[in-house]
Amino acid sequence: MREDGKLDYLEFPAADIGAVKAFYDAAFGWTFQDYGPTYAAFNEGLDGGFDADPADRSKAPLPVLYATDLEAMQARVEAAGGVILKPIFAFPGGRRFHFRDPAGTELAAWSE
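Here's a quick rundown of the structure. Just so you know, these numbers come straight off a predicted model, no measurement behind them. (Residues numbered from 1 in each chain as written. Predicted model: local features only at pLDDT ≥ 70, side-chain atom pairs only at ≥ 80, totals over all residues. Heavy atoms only, no water.)

Another aspect to go through is helix 1 (residues 17–28). Relative to the 16 Å expected for 12 residues at 1.5 Å per residue, helix 1 spans 16 Å between its end C-alpha atoms, a close match to the ideal helical length. Looking only at helix 1, the buried set comprises Val 20, Phe 23, Tyr 24, Ala 27 and Phe 28. What you see down the axis of helix 1 is that its buried residues fit within an arc of 90°, all on one side. Close packing links the buried residues of helix 1 with strand 3 (64–66), helix 2 (70–79), strand 5 (94–100) and strand 6 (106–111). Backbone nitrogen of Gly 18 and a side-chain oxygen of the N-cap are separated by 3.1 Å at the start of helix 1; the cap is Asp 16. Immediately beyond the C-terminal end of helix 1, within one or two residues, lies Gly 29, with a positive phi of roughly 75°. (Helix = DSSP H or I, 4+ residues; strand = E, 2+ residues; numbered from the N terminus. Expected span 1.5 Å × (residues − 1). Buried < 20%, exposed > 50% of the residue type's maximum accessible area, 1.4 Å probe, protein only. Arc of directions from axis to C-beta. Contact = heavy atoms within 4.5 Å. Polar contact = N/O pair within 3.5 Å; in protein donor to acceptor, adjacent residues only side chain to side chain.)

So, in structure tokens, the structure goes:
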């Protein structure tokens, strides 16, 4: 159920929509609803947080995906053409890695 003031949507830039869709399908099994040749929607869940650490925060929003097996997800990201920016590391609450998708967007994946 949608509520006022709650995060409801996350939109990524994509210069090559076909390459981005192929990446997210291959790496995470995402599916898409196309709305013309330049827009594709997805419905894959969303929570969020704020990072105020000057040494650690990203310069743009950082989408973070959950992984039951972090090593396997990192392998899928690499096999799908993602670029690992920060290999798996520990942080308070779990472990994660950062990567760049074909559109240049930085994302992270985490596990407990």
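Bringing the environment of Thr 31 into the picture now. Looking at where Thr 31 falls in the secondary structure, it is placed in the loop between helix 1 and strand 1 (33–34). Sequence-wise, Thr 31 and Glu 44 are 13 residues apart; in three dimensions their C-alpha atoms are separated by 8.7 Å. Residues contacting Thr 31, with those up to four places away along its chain left out, are Ala 41, Phe 42 and Glu 44.

A separate point is the pattern of salt bridges. A complete count under the given rule lists two salt bridges for this structure. Taking the shortest distance from any N to any O, the salt bridge between Asp 34 and Lys 21 comes out at 2.7 Å. In this pair, Asp 34 sits in strand 1 while Lys 21 sits in helix 1, placing the two residues 13 residues apart along the sequence. Classification of Asp 34 by relative accessible area gives partly exposed; the value is 41%. In this structure Lys 21 comes out as partly exposed when scored by relative accessible area, which is 21%. (Salt bridge = Lys/Arg side-chain N within 4 Å of Asp/Glu carboxyl O.)

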